[in-house]
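Spelled out, the chains give:
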Amino acid sequence: MPNSFKSKQDKTPSALLGLATRVRTERGTIRLQLRWTRILLVFLIMSTGAWAIKSVAFYYFFKSIRQFDEVSLVDMLAFPLNRSSVREAQGDYQIRQAELAIDRGDYFRARNLLQQGVSRSPANLEGRMLLVQLFAGWRTELALQLLENGYEYGKEDAEFVRAYCTLLLRERQDNELIALTDRLLAEPDLPDQVRKVAAISRMQAAIQTGDYSLANQTYWDHTLYETPDGILLACDIMARLGQKEQAVALLEALIRQFPDHELDAIHQRLVSIYRDTGNLERARQRALDYAIRNPEKWQARILLLESLAETDPHGQFSREARAVVRAFSSNEAAMRRLGSLVTSKGDRELATRIYEIAVENFFDMGSFSLMLTEATIRAGEHAEAIRILNEWSEAEPAWLAAQQHLFSAMRAIAYFSMGNRDRGHFYLNSFRNSRRSTADQKIYVAEVLAAVDLKDAALTLLEAANRSSPNHERALSSIITMKIDLGEASGLAGQISDLLELRRPDYRIIQAIHDALSSDRFIYTPNRRELLSRLDIILSRPRTEELDLMPPLRQVTEEG
């Protein structure tokens, strides 16, 4: 009997799909006895299968839905344990795809890919900088936010820091730039190159706000006297404070020390100071000397032309300009600089030749077409300018759409000059109200209007530029200068007060405003005495500022 009972017990049927057995107890009841080994084995098999199905599903999801072609099944087998690394890899892949989209000219897709890529891989500085470049032209606040969010990733990268500082400087956010550079310079173990970039930017911002003591401190604390950029900024301060002779002496000494060094900016600044002081002959001689020693550099030849444009002895400008065309006709940058200079002189014949060269070499036709139009207007051939513009409008070239607002400005100037004020106002309003027209463009067009004696229209455009960019000191100073020239006192006091809160304009402008307020023409200007007192303080600074900016030249090395 016992053996028979045992045999029956062994043959007791299983339960729960074999994961347990039914056992009869001594009392005759049945209980379940779990088979833990089998349960564990089944669990492992099912978990492995579920994990494999999950991995395959995620693999096809990332590859097909997220279009992450470089994803691997091995990565998905470890997902989501490696979620952060997969996310980062996907972001890097999207950034590479965005670069290809940019090469194809598909900027809309590139922007979307970059936004997704940077959000997934925030440490990818290359992608972040590409996205900043796309936003910098039209959504500056987003570009600055991207740079700020990338501070921890890019603070040791010189190009990142340079881009951040440059954008803040361009947007006239000088106080924010000083705060940023203070934060950077307080970082321990900051690379020397990044430290130099931050210090130079800090000095630039200090100069723009008129805080020359801070600029002087930065100059010496961070040994900027060892770099050409630092010395140029020191010369800028000297020139602003009326110490142009010291600035000239410093630049001349630097050139003598390194006659064969790449010092384009040094020569340009020296010639500029000579021209500002009225020493046009010395400016021409210095530019000529530089061009003779560097005949293969178009920058040197253009510098000479800029000096000849003011003195132009014996028609030298025209001959040298044509020589530059022959020597550098395939260089778009050289032709653009030359075209700008030729345009300002109203040389339509040479502007036409440069335009033809641009067509032959497939240059950016928008800018060269604008230069030809402006040169024609400055030459007094207003009807011909309208004819050219109509011809381009009928042809509808691809480059016309992006520059349409600027061509409207040229039409306005031409029509005003022909006495057709109705059409002039129509096209000027079209330019002013265009979303594409920037404050700088409005200021430039206003300068052209003023050059052809259309100051009322120029003033209207400058006021529009000031409304769109209230912190643009150049627009406001131009309004004040033009109002003084026209003898218009309406709103002048408030505008002068606003100007003194912005970047410090050239001292010659400050002096001109002071002289105007001191005259009987503006004797009834509100708050006149208070404004004159504030202007006196600014103008007295060059006489009281004690700055030592002359560097020990022996320490200015070629490596700087």
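Going by the structure above, here's the rest.
Residues numbered from 1 in each chain as written. Predicted model: local features only at pLDDT ≥ 70, side-chain atom pairs only at ≥ 80, totals over all residues. Heavy atoms only, no water.

Draft legend 1. Here's a closer look at the pattern of salt bridges. Taken as a whole and assessed by the stated rule, the structure comprises 30 salt bridges. Among the ionic pairs, Arg-139 bridges to Glu-141, the shortest N-O distance being 2.5 Å. On the basis of relative accessible area, Arg-139 is assigned to the partly exposed category, the value being 31%. We classify Glu-141 as partly exposed; its relative accessible area is 46%. Three or more residues joined by partner-sharing salt bridges are found here, namely Glu-252, Arg-282, Arg-286, Asp-289 and Arg-293. (Salt bridge = Lys/Arg side-chain N within 4 Å of Asp/Glu carboxyl O. Buried < 20%, exposed > 50% of the residue type's maximum accessible area, 1.4 Å probe, protein only.)

Draft legend 2. Seen up close, helix H19 (residues 332–345). Helix length check: H19 (14 residues) gives 20 Å between terminal C-alpha atoms against 20 Å at 1.5 Å per residue, within 8%. The complete set of buried residues in H19 reads Ala-334, Met-335, Leu-338, Gly-339, Leu-341, Val-342 and Thr-343. Tucked into the core, H19 has its buried residues touching helix H17 (298–311), helix H18 (316–328), helix H20 (348–360) and helix H21 (365–378). A distance of 3.1 Å separates the backbone nitrogen of Ala-333 from a side-chain oxygen at the start of H19, and that oxygen is part of Asn-331. Two residues or fewer past H19, Gly-346 is found with a positive phi of approximately 70 degrees. (Helix = DSSP H or I, 4+ residues; strand = E, 2+ residues; numbered from the N terminus. Expected span 1.5 Å × (residues − 1). Contact = heavy atoms within 4.5 Å. Polar contact = N/O pair within 3.5 Å; in protein donor to acceptor, adjacent residues only side chain to side chain.)

Draft legend 3. Up close: helix H12 (residues 212–221). All of the buried residues in H12 are Tyr-212, Leu-214, Ala-215, Asn-216, Thr-218 and Tyr-219. Thr-223, located one to two residues past H12, shows a positive phi value of around 50 degrees.

Draft legend 4. Inspection of unusual backbone geometry at higher detail. A positive phi angle, near 60 degrees, is found at Arg-172, a position not held by glycine. Assessed through its relative accessible area of 21%, Arg-172 is described here as partly exposed. Backbone geometry places Thr-223, a non-glycine residue, at a positive phi of 50 degrees. Within the fold, Thr-223 resides in the loop between H12 and helix H13 (228–240). Judged by its relative accessible area of 25%, Thr-223 is partly exposed.

Draft legend 5. The arrangement of the packing of aromatic side chains in detail. All chains considered together, the criterion is met by 11 aromatic pairs. For the pair Tyr-355 and Trp-392, a centre-to-centre distance of 5.8 Å together with 40 degrees between the ring planes defines the contact as tilted. Taken together, the residues span a long stretch of sequence, with Tyr-355 in helix H20 and Trp-392 in helix H22 (residues 382–395) at a distance of 37 residues. On the accessibility criterion, Tyr-355 (17% relative accessible area) is buried. Ring geometry for Trp-392 versus Phe-407: centroids 5.9 Å apart, planes at 65 degrees, classification edge-to-face. (Phe/Tyr/Trp six-rings, centres within 6.5 Å; stacked < 30°, edge-to-face > 60°.)

Draft legend 6. Local environment of the side chain of Gln-495. Mapped onto the secondary structure, Gln-495 falls in helix H28 (residues 492–499). At 3.1 Å, the side chain of Gln-495 forms a polar contact with the side chain of Lys-483. Residue contacts for Gln-495: discarding those within four places in its chain leaves Leu-476, Ile-479, Ile-480, Lys-483 and Ser-490.

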